[in-house]
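Observations on chain architecture
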Amino acid sequence: LIVNTSISLGKQIPNTFMGVFFEEINHAGVGGLWAELVSNRGFEAGGENDPSNIYPWTIIGDKSLIQVSIDQTSCFERNKNALKMEVHCDNSYSCPPDGIGISNPGFWGMNIEKGKKYKVVFYVRSTEEIDLKISFVGSDDAVKLASTDINLGIDGKTSKWRKVEHVIEANATNHNSSLQITTTGKGVVWLDQVSAMPLDTYKGHGFRNDLFQMVEELKPRIFRFPGGCYVEGNVSKNAFRWKQTVGSWENRPGHYGDVWGYWTDDGFGYFEGLQLAEDLNALPIWVFNNGISLYEHVNISDISPIVQEVLDGIEFARGSPTSKWGSIRGSMGHPNPFDLRYVAVGNEECERDLKATYLETYPKFYDAIKQAYPDIQIISNCDASTSKLPLNHPADLYDYHRYPKSANDMFHMAQDFDHTSRTGPKAFVSEYALTGDEAGYGTLLAAVAEAAFLIGLEKNSDVVNMVSYAPLFVNANDRRWNPDAIVFDSHKVYGTPSYWVLKLFKESNGATFLNSILQTNSSTLAASAISWKSSIDGKSILRIKVVNLESKTVNVDILIDGLESSVVHSKLTRTVLTSSNVMDENSFLQPNKVVPKESVFENAGKIMNVEIDPHSVTLFDIPYV
Ligand code: AHR
């Protein structure tokens, strides 16, 4: 491998190169990054037309003592369902000592930790002066981890809804707890919008700290959201409609994400996506619904309201706090505009049999957005990578999605952009991953093949502006798509080997891709070199990456051209991602089975002979002045 360190021969990788794609899939947001503990907090999960069901709430107490139903008497206009609880016992007559009521298990158990505080909010009205108790209860022996008594007092008797808010501190830990609301008083009680949030979320913005940190450590510079097919919906009524997801959380109707098969209260909505991007120091890329769902679409003659909805969405993100939609953003605590510079017109429709419909409606969005916001970069989902000609319609970028099922194919996709037109819109590789048997739940094999693909993208970063792996998250209790980068449950988290590869590429943003030549007969070896200036000491760092998809050790001679021998230290840092078996995966039991390991490489110099492990990604970091 001959590496030439002359920056003038290299090319700058875009600052926006490595990013993340967040989709509401696998309970990534609801029951995941979004820290709300209560599932179906508004009793709306049956949808707006169907009778609402109370799942996963359960009833505590015998049917002869308590009856629970849903009626439409809520004080919230956009979600009218409320839970009605008729209690037939009281403390002097047959109520169990712990009371009767309702219980919510959260998303496969709530993580309640000793010493931590939780804010419980709900809305209530009742016919009697009833007392309520709210408690977090552990799964093992029904131990109460925290509880508080609420006396609704004389007001409780009025028919008016009132908000109850309590912060309670846990006195023990249980990762599989539930929230109970109980009473020993006879009467009728209505409940609605029951929320329980840990006080300790990222900046108080509602993001689970441990999951936020996993993403932050990737240093993403772009943040694509909220889908994926989630944006489209199978049918239009289940698509992501941003207006339904903003404003006060109590008044969001929620919706059934029919593609991935679960309800979301939309606590993590459009605003929260923009906020998350800002917190990550990444530029948001809003994928909007363009009137096309997987199995139905609006006709071109009816597209105007959808175009307007998109313009309103951009105004919500960027408009002045006195504008119609900007003022709603302001009322949510963010008067300053979000830095929205990119939007994507739909997801994947151009790559399916919906191409004609997509191309018919696309110009309506493109023209309207460019007219109102000329600086916004518009992403088409017609993939131009395989054509030697530029994209045939106006766009700033185009989407590229690939999920090959063979590691070999993934490895060789590194060449996908070698012959792409050098003019016209650039590519956004917004979804890629090895899938299928070779990828399992996230194997080393997948990670190694993906690393080679990323090297190919860096090499072609004159035509590939942005990259994101997909999917980002999976709640291990709801695997809708495998593999994923980050795996979690109520309290644990780990990265798959693919996650660690992303981390090995985080310095690529804005780095110089150096000229290098790999002279080899092997078709399973890939290598490249980048350099950048360290923000800590201002020193330049040369990073050489070598990927070996072979099952045997490979010897590589590295020759560094353009550096004085004196500036190449004899000790370098070598980082290797590998494992004893190519099908090895990480797990909750062994979260660090396949993670990069750093060591000091002793025989460094301008000319080095290095051994590259079987099935590995190896980095050599060489600081120089
Ligand atoms: O990443 C999972 C899904 O794959 C996305 O929702 C979709 O865009 C693609 O087909």
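Residues numbered from 1 in each chain as written. Predicted model: local features only at pLDDT ≥ 70, side-chain atom pairs only at ≥ 80, totals over all residues. Heavy atoms only, no water.

This brings us to the overall build of the protein chain. The helix and strand tally for the protein chain stands at nine helices and 35 strands. Against the globule reference of 25 Å for 625 residues, the protein chain gives a C-alpha radius of gyration of 27 Å, in line with a compact fold. Its C-alpha atoms give the protein chain principal-axis dimensions of roughly 90 × 60 × 45 Å. Per-residue burial for the protein chain yields a buried fraction of 60% across its 625 residues. In the protein chain, once contacts between residues fewer than 6 apart in sequence are set aside, the share between residues at least 24 apart is 75%. Total accessible area on the protein chain is roughly 24400 Å²; 49% of this is exposed by carbon and sulfur atoms. Taken as two groups, the 56 positive and 76 negative side-chain charges of the protein chain have centres that lie 3 Å from each other. (Helix = DSSP H or I, 4+ residues; strand = E, 2+ residues; numbered from the N terminus. Rg over C-alpha atoms; globule rule 2.2 N^0.38 Å. Buried < 20%, exposed > 50% of the residue type's maximum accessible area, 1.4 Å probe, protein only. Contact = heavy atoms within 4.5 Å. Areas by Shrake-Rupley, 256 points an atom, 1.4 Å probe, with all protein chains shown as cover. Lys, Arg positive; Asp, Glu negative; His and termini not counted. Charge placed at Lys NZ, Arg CZ, Asp CG, Glu CD.)

Here the focus is the state of the cysteines. Counting across every chain of the model gives two disulfides. Through a disulfide, Cys89 is tied to Cys95; the S-S separation comes to 2.0 Å. The sign of the 70 degrees torsion about the S-S bond sets the Cys89-Cys95 disulfide as right-handed. Taking only the cysteines that form disulfides and numbering them from first to last, the protein chain has the pattern 1-2, 3-4. Left unpaired, Cys229 is separated from the closest cysteine sulfur, that of Cys350, by 15 Å. Overall, the relative accessible area of 15% leaves Cys229 in the buried class. (Disulfide = S-S within 2.5 Å.)

With that settled, the discussion passes to the pattern of salt bridges. Overall, the coordinates contain 32 salt bridges when judged by the stated rule. Ionic pairing is found between Arg318 and Asp375, a salt bridge with its closest N-O pair at 2.9 Å. A residue pair is termed long-range when its members are at least 10 positions apart, and Arg318 in helix α4 (residues 304-318) and Asp375 in the loop between α6 (355-372) and β20 (377-380) qualify at 57 residues. For Asp375, a relative accessible area of 43% gives the class partly exposed. A salt bridge links Asp383 to Arg402; its shortest N-O distance comes to 2.9 Å. One end of the pair, Asp383, is in the loop between β20 and β21 (397-402); the other, Arg402, is in strand β21, with 19 residues separating them in the sequence. (Salt bridge = Lys/Arg side-chain N within 4 Å of Asp/Glu carboxyl O.)

Here we take up the sheet that holds strand β1 (residues 2-4). Taken together, the four strands give an open sheet; going across it, the order is β28-β1-β31-β34, and neighbouring strands pair in mixed fashion. With partners counted over all chains shown, the strands left at the sheet margins are β28 (515-517) and β34 (607-612), one partner each. On average, adjacent strands in this sheet sit at an angle of 20 degrees to one another, irrespective of strand direction. (Pairing = 2+ DSSP bridges. Axes fitted to C-alpha atoms, helices over the stretch in contact; angles between N-to-C directions.)

So, about the sheet that holds strand β25 (residues 486-488). The mixed open sheet is built from three strands, whose spatial order is β24-β25-β26. If you trace the sheet from one side to the other, it starts and ends with β24 (473-475) and β26 (493-495), each paired once. If you compare each strand with its neighbour and ignore which way they point, the axes differ by 20 degrees on average. Pairing analysis gives three bridges linking β24 to β25, with the strands arranged parallel. Bridging across to β25, Val474 finds its partner in Val487.

Before going further, it helps to examine the site of the ligand. Around the ligand, the structure places Glu23, Gly228, Cys229, Trp260, Asn347, Glu348, His401, Tyr403, Glu431, Ala470, Pro471 and Trp481. Contact distances for the ligand include 2.7 Å between an oxygen atom and a side-chain N or O atom of Glu23. Here Cys229 contributes a backbone N or O atom positioned 2.9 Å from an oxygen atom of the ligand. Isolated, the ligand exposes 280 Å² of accessible area, and the fraction of that covered by the protein chains is 94%. (Near = heavy atom within 4 Å. Polar contact = N/O pair within 3.5 Å; in protein donor to acceptor, adjacent residues only side chain to side chain.)

For the protein chain, the domain assignment lists domain 1 (2-7 + 513-624), domain 2 (20-35 + 202-509) and domain 3 (58-198). Each of domain 1 and domain 3 was reduced to a C-alpha centroid, and the two centroids are 57 Å apart. (Domains from an automatic or database assignment.)

So, about the side chain of Asp90. Position of Asp90 among the secondary structure elements: in the loop between β6 (82-87) and β7 (100-104). Despite its burial, Asp90 remains without a salt bridge, the nearest opposite charge being carried by Lys186 at 5.5 Å. Other than its neighbours up to four places away in sequence, Asp90 contacts Cys95, Thr184, Gly185 and Lys186.

With that out of the way, let us pick up the layout of surface pockets. Computed from the structure, the second largest pocket encloses a volume of approximately 600 Å³. Contributing elements (two or more residues each) for the lining of the second largest pocket: β9 (117-126), β12 (162-169), β14 (187-198) and α3 (270-279). For the lining of the second largest pocket, the residue count by class is nine nonpolar, nine polar and eight charged. Counting residues domain by domain, the lining of the second largest pocket receives three or more from each of domain 2 (20-35 + 202-509) and domain 3 (58-198). (1 Å grid on protein atoms, 1.4 Å probe; cavity = no way out; pocket = protein on both sides within 12 Å on 5 of 7 lines; lining within 4 Å. Points joined across faces, edges and corners; volume = space filled by probe spheres on them. Nonpolar A, V, L, I, M, F, W, Y, C, P; charged D, E, K, R; others polar.)

Ranked by internal contacts, the top residues of the largest apolar core, which has 125 residues, are Tyr270, Trp286, Ile369 and Phe473. The element best represented in this core is helix α8 (residues 444-459), accounting for 12 residues. The residue makeup of this core includes at least three contributed by each of domain 1 (2-7 + 513-624) and domain 2 (20-35 + 202-509). Setting aside its immediate chain neighbours within four residues, Tyr270 contacts Phe225, Phe240, Trp242, Thr245, Val246, Trp286, Gly313, Ile314, Phe316, Ala317 and Leu340. Counting residues in hydrophobic clusters, the runner-up holds 37 residues, among them Leu65, Ile66, Cys89 and Ala170. (Core = buried A, V, L, I, M, F, W, Y, C linked by side-chain atoms within 4.5 Å.)

The full count for this structure, using the stated rule, is 35 aromatic pairs. Taken together, a centroid distance of 6.0 Å and an interplanar angle of 90 degrees make the contact between Trp260 and Trp481 edge-to-face. With a gap of 221 residues between them, Trp260 in the loop between β16 (255-257) and β17 (262-264) and Trp481 in the loop between β24 and β25 connect regions that are remote in the sequence. With a centroid separation of 6.5 Å and an interplanar angle of 80 degrees, the aromatic rings of Phe271 and Phe316 are classed as edge-to-face. In this pair, Phe271 is assigned in helix α3 and Phe316 in helix α4, connecting sequence segments 45 residues apart. Lying across the ring of Tyr400, Arg402 places its NZ or CZ 4.0 Å from the centre. Sitting over the ring of Phe505, Lys545 keeps its end group 4.3 Å from the ring centre. (Phe/Tyr/Trp six-rings, centres within 6.5 Å; stacked < 30°, edge-to-face > 60°. Lys NZ or Arg CZ within 6 Å of the ring centre and 35° of its normal.)

Below, the discussion takes up the environment of Pro337. Its location among the elements puts Pro337 in the loop between α5 (324-331) and β19 (342-345). Taking the C-alpha atoms as reference, Pro337 lies 7.7 Å from Pro321; in sequence the two are 16 residues apart. Residue contacts for Pro337: discarding those within four places in its chain leaves Ala317, Arg318, Gly319 and Arg329.

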